[in-house]
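Breakdown of the fold
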Amino acid sequence: MKLENLPLEFQGAMPILRKLQEAGYEAYYVGGSVRDILLNKPIHDVDIATSAFPAEVKALFRKTIDVGIQHGTVMVITKEETYEVTTFRTESTYQDYRRPDHVEFVRSLKEDLKRRDFTINALAVGINGEVIDLFDGLNDLRNKVLRAVGNPYERFHEDALRMMRALRFVSQLGFNLQRETFDAISEYHSLLAKISVERINMEFVKLLMGSFRQAGMRSFVESECYIYCPGLRAYGEGLLSFAELVGPAIPLESQAWTLLIDQIHLPEDKIRSFLKEWKCSNQVIKDVQQMVPALKYRKENEWTAWKLYQIGRELALSVDYLLYYFDQTPNLSKIRMMYQTLPIHSLKDVVIKGNDLFSLFDRPKGPWINEVLRAIEKGIVEGELKNQEKSLIQFAQKYLEEVDNGKID
Ligand code: ATP
Ligand code: MG
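Residues numbered from 1 in each chain as written. Chains lettered and ligands numbered in written order. Predicted model: local features only at pLDDT ≥ 70, side-chain atom pairs only at ≥ 80, totals over all residues. Heavy atoms only, no water.

**Here's the deal with the pairing of strand β1 (residues 27–30)**
The line we're drawing: Type-normalised accessible area, obtained with a 1.4 Å probe on protein chains alone, sets the label of each residue: buried when under 20%, exposed when over 50%, and partly exposed for intermediate values. Only DSSP runs of H or I with at least four residues qualify as helices, and only runs of E with at least two residues qualify as strands; both kinds are numbered from the N terminus onward. Being paired, for any two strands, means DSSP has found at least two bridges between them.
Residues A27 and Y29 point to one face of β1 and Y28 and V30 to the other, with burial holding for every one of them. Across four bridges, β1 lies against strand β2 (residues 47–50) in antiparallel orientation. Across the sheet, V30 pairs through a bridge with D47, a residue of β2. Relative to strand β8 (residues 124–125), β1 runs antiparallel, the two sharing two bridges. Of the residues in β8, the one forming a bridge with V30 is A124.

What follows is the structure, encoded as structure tokens:
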């Protein structure tokens, strides 16, 4: 098979492949971008594989960076773009089910394609558009089959992360796992415990966000891989209800975790430790901790000014969007409008500050200052208080009296 028109992204990298060839080396487009082109999907990074050894690649191009030279990857920088150029390599003797003990650079494309995970990821495209298909990957692409290159038991034993990669490709592409590949995953699921959480996380988030998450998540549960992922052991049922949610691919990582946590009914006070265990970023943790209770609330109620003020515009929109998955209609324009008409948008907008309260009232510094400010904020947002110094001071005075009289605790 031959690609008649190389996509623009490939054309951009063409001078690099040409230069390698002119110097007597082989060079091909490989990996996910080849797969995605053949599936008519948008591509992100163009990976180039070559028979030139890293030092030979570096000698050919003016500007390069060693990004992973021990794995054979050199970043070549052109005026327009940067490209990863990786030397053909084999990987030998995996002793810990994750990283190869050492990689060996080779001159043969076949050896390089053989060490790749799935047949659809083991295709190469040459400069003229010819597709090199040594493992029947084109057939699998056509039939929508995900199949390990070679013996799946050996391949998952070498690198257990490939099992998670398989499941996320199912979720992203809607392919079926070839029987033996699925059986091998079911057999070796426990090897996932050896893989670093960071690497599992990257694949799992892609699984959650795939267009075919139902199939991906079902296989994740059926193969029992979930048991060996952080904090999911007890939630097989909940994962399946996540799988059954109907709706488009989930757009944001924080939305994906929010829906997942909602469906497994994780108690609110466990959200932080759960996401920490998954090594999510602090930003994701912070957002999801607010989004989960907000979604629960929003499924039953309309936004109030105070709720909206507390969670903020972006997270409110993000939560509302999730109503789609529960057969309810988000009302994004209403949120935008409501938010715009809030009398204040943060504590900074309140005309009175903590220090003012401290100097006005004869009390030692303490939590009372924040309490009063919080009550003031709420009063203003709910339209019961004017954001003017005089009325705020009056309010604070009354509030503190009530606290002193035990009317507020
Ligand atoms: P994406 O579109 O999400 O980037 P991808 O297939 O390009 O998917 P990458 O992680 O970018 O995934 O890897 C690029 C290529 O390297 C893969 O297509 C595959 O050929 C090979 N590869 C990546 N990870 C592994 C692995 N764990 N074992 C074997 N081959 C792998
Ligand atoms: Mg890639």
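After that view of the structure, there is still more to cover.
**With respect to the environment of T86**
The criterion, for reference: By definition, residues are in contact when any of their heavy atoms lie within 4.5 Å. Any N or O atom pair separated by 3.5 Å or less is treated as a polar contact, with the protein-specific requirement of one donor-capable and one acceptor-capable atom, and with residues adjacent in sequence counted only for side-chain atom pairs.
If you trace the backbone, T86 turns up in strand β5 (residues 82–87). Apart from residues no more than four positions distant in its own chain, T86 is found in contact with I48, A49, T50, H71, G72 and T73. Among the polar contacts made by the side chain of T86, one reaches the side chain of T73 at a distance of 3.1 Å.

**Notes on the sheet that holds strand β9 (residues 131–132)**
This is how the line gets drawn: Interaxial angles span 0 to 180 degrees and are taken between N-to-C directions of axes, which are lines fitted to C-alpha atoms, for helices over the stretch in contact.
With mixed pairing, seven strands are arranged side by side in an open sheet as β3-β4-β5-β2-β1-β8-β9. In this open sheet, the two edge strands, each paired with only one partner strand, are β3 (64–68) and β9. The strands touched by helix α1 (residues 8–22) are β1, β2, β4 (73–77) and β5; relative to β1, the strand with the most contacts, the crossing angle is about 150°.

**Regarding the site of ligand 1**
As a reminder of what qualifies: Here a residue is considered near a molecule or strand provided that any single heavy atom belonging to it is located within 4 Å of it. Methods summary: accessible areas were calculated by the Shrake-Rupley approach with a probe of 1.4 Å, and residue burial reflects only the protein chains presented. Any residue outside Ala, Val, Leu, Ile, Met, Phe, Trp, Tyr, Cys, Pro, Asp, Glu, Lys and Arg is labelled polar, Gly included; the first ten of those are nonpolar and the last four are charged.
Near ligand 1, the surroundings consist of 16 residues, among which R35, H44, D159, R162 and R168 are the closest. The side chain of R116 places a nitrogen or oxygen atom 3.0 Å from an oxygen atom of ligand 1. For ligand 1, an oxygen atom lies 3.0 Å from a polar atom in the backbone of N121. Calculation on ligand 1 without its partners gives an accessible area of 580 Å², and the protein chains cover 80% of this total. Residue assignment for the shell around ligand 1 shows that the elements contributing at least two residues are α2 (32–38) and α7 (161–173). The biggest single contributor to the shell around ligand 1 is α7, with four residues. Of the residues that constitute the shell around ligand 1, the class distribution is one nonpolar, four polar and eleven charged.

**A look at the side chain of D36**
Tracing the sequence through the fold places D36 in helix α2. The class of D36 is buried, set by a relative accessible area of 5%. Beyond its immediate chain neighbours, meaning those up to four positions away, D36 contacts K41, P42, I43 and H44.

**What to know about the domain arrangement of the chain**
To keep things clear, this is the line we draw: Note that the domain bounds were set by an automatic or database domain assignment.
By the assigned domains, the chain splits into domain 1 (1–141), domain 2 (144–244) and domain 3 (348–404). For domain 2 and domain 3, the distance between their C-alpha centres works out to 53 Å.

**Regarding the pairing of β5**
Across four bridges, β2 lies against β5 in parallel orientation. Paired with A49 across the strands is T86, a residue of β5. Examined bridge by bridge, β4 and β5 share five bridges and lie antiparallel to one another. Its bridge partner being in β5, V76 is matched across the sheet by Y83. Adjacent in sequence and paired antiparallel, β4 and β5 are bridged by four residues.

**Things to note about the environment of V30**
Structurally, the position occupied by V30 is in strand β1. Considering only alpha carbons, one finds V30 and V125, 95 residues apart in sequence, at a separation of 6.5 Å. Among all residues touching V30, those that are not within four sequence positions of it are D47, I48, A49, L113, R116, L123 and A124.

**Here we look at the UniProt feature "binding site: CTP" (unreviewed entry) in the chain**
Rule in force here: UniProt positions are given in the numbering used here, feature names are shortened, and annotations may be inferred rather than shown by experiment.
Those places that UniProt annotates as "binding site: CTP" (unreviewed entry) correspond, in this numbering, to G32, R35, R116, D159, R162, R165 and R168. Along the chain, R35 falls in helix α2. With relative accessibility at 7%, the residue R35 sits in the buried group. Not counting chain neighbours up to four residues away, the residues in contact with R35 comprise I120, N121, L141, F169 and L173. Along the chain, the position of R165 falls in helix α7. Once residues within four sequence positions are removed from consideration, R165 is found in contact with D117, F118, N121 and E203.

**Considering unusual backbone geometry**
Positive phi, close to 55°, is recorded for K144, a residue that is not glycine. For K144, the position within the fold is in the loop between α5 (137–143) and β10 (145–146). K144 sits in the partly exposed class, given a relative accessible area of 43%. A positive phi angle, close to 55°, is found at H265, a residue other than glycine.

**Brief notes about the packing of helix α19 (residues 368–381) against helix α20 (residues 389–404)**
Using the following cut-off: Roughly parallel here means an angle under 35 degrees, roughly antiparallel means over 145, roughly perpendicular means 65 to 115, and every remaining angle is called oblique. The sense of a crossing depends on the near helix, which, turned anticlockwise from the far helix by less than a right angle, makes the crossing left-handed and, turned clockwise, makes it right-handed.
For the pair α19 and α20, interaxial distance at closest approach is 10 Å and the crossing angle is 125°. The orientation of α19 relative to α20 falls into the category oblique. Crossing angle aside, the handedness with which α19 passes α20 is right-handed. Residues W368, E371, V372, A375, I376 and I380 of α19 form the contact with α20, whose own contacting residues are L392, F395, A396, Y399 and L400. Tallied by class, residues from the contact of α19 with α20 come to ten nonpolar, no polar and one charged.

**Digging into the packing of helix α16 (residues 313–321) against helix α17 (residues 332–340)**
At a closest axis distance of 10 Å, the pairing of α16 and α17 adopts a crossing angle of 160°. With respect to their mutual orientation, α16 and α17 come out roughly antiparallel. In this structure, α16 meets α17 at a crossing whose hand is right-handed. The residues of α17 that touch α16, namely those facing R313, A316, L317, D320 and Y321, are L332, I335, R336 and Y339. Grouping the amino acids of the contact of α16 with α17 by side-chain chemistry returns six nonpolar, no polar and three charged.

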